[in-house]
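The chain contents come next:
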Amino acid sequence: MKIQQISLFAENKPGHIAAPVRLLAREGIDIRSMYLADTQQYGILRMIVSDWQKAARVLEAQEFVVKVTEVLAVEVPDRPGGLADVLVALDGTGINIEYMYAFPCVRGDEAILIFRFADPDAAIARLETADINLLASDELLKR
């Protein structure tokens, strides 16, 4: 259920995201989902890619600072309240959401949300108990 996400640290300057994206393209690595966060000095590019191990090797070989983290992909109904259902399931558990972003999904009536939890194992247990669908890496990459 846990999915490996690549986080890439880059200076917050024009063009600093293009180089790693082109590098991944040249190596045949598909970026399936991406989220960019920034501060004044640097940006964090978070990506779920088709081959995270190869992506990490290729990027590190070009001296990019890369971190691999575990995230969860949660499938929710694509309707008002889909996210609220997930958050209600977590109410009172003390499980902290560090960040989240949406995964584009063009199939069916579902939306996919990517969550980084402080305690992913506790989040998995709670979400499964609440009958919330978690996607494995291979399921996510097929969409």
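Everything below is about the structure shown above.
As the structure is a prediction and not an experimental result, all values here were calculated from the model. (Residues numbered from 1 in each chain as written. Predicted model: local features only at pLDDT ≥ 70, side-chain atom pairs only at ≥ 80, totals over all residues. Heavy atoms only, no water.)

**Considering unusual backbone geometry**
Here comes step 1: Although it is not a glycine, Glu63 sits at a positive phi angle of roughly 70 degrees.
Here comes step 2: When you line up the elements, Glu63 lands in the loop between helix 2 (52-61) and strand 4 (65-77).
Here comes step 3: Overall, Glu63 belongs to the exposed group, its relative accessible area being 73%.
Here comes step 4: For Asp131, which is not glycine, the phi dihedral falls at a positive 60 degrees.
Here comes step 5: Assessed through its relative accessible area of 71%, Asp131 is described here as exposed. (Helix = DSSP H or I, 4+ residues; strand = E, 2+ residues; numbered from the N terminus. Buried < 20%, exposed > 50% of the residue type's maximum accessible area, 1.4 Å probe, protein only.)

**What about the nonpolar core?**
Here comes step 1: Within the largest apolar cluster, 16 residues are counted, with the highest numbers of intra-cluster contacts made by Val74, Val86, Phe117 and Leu127.
Here comes step 2: Contributing elements (two or more residues each) for this core: strand 4, helix 3 (82-90), strand 6 (110-117) and helix 4 (120-129).
Here comes step 3: Among the elements that line this core, the one with the most residues is strand 6, at four residues.
Here comes step 4: Of all hydrophobic cores here, the second largest spans 14 residues; its members include Leu8, Leu24, Val58 and Phe64. (Core = buried A, V, L, I, M, F, W, Y, C linked by side-chain atoms within 4.5 Å.)

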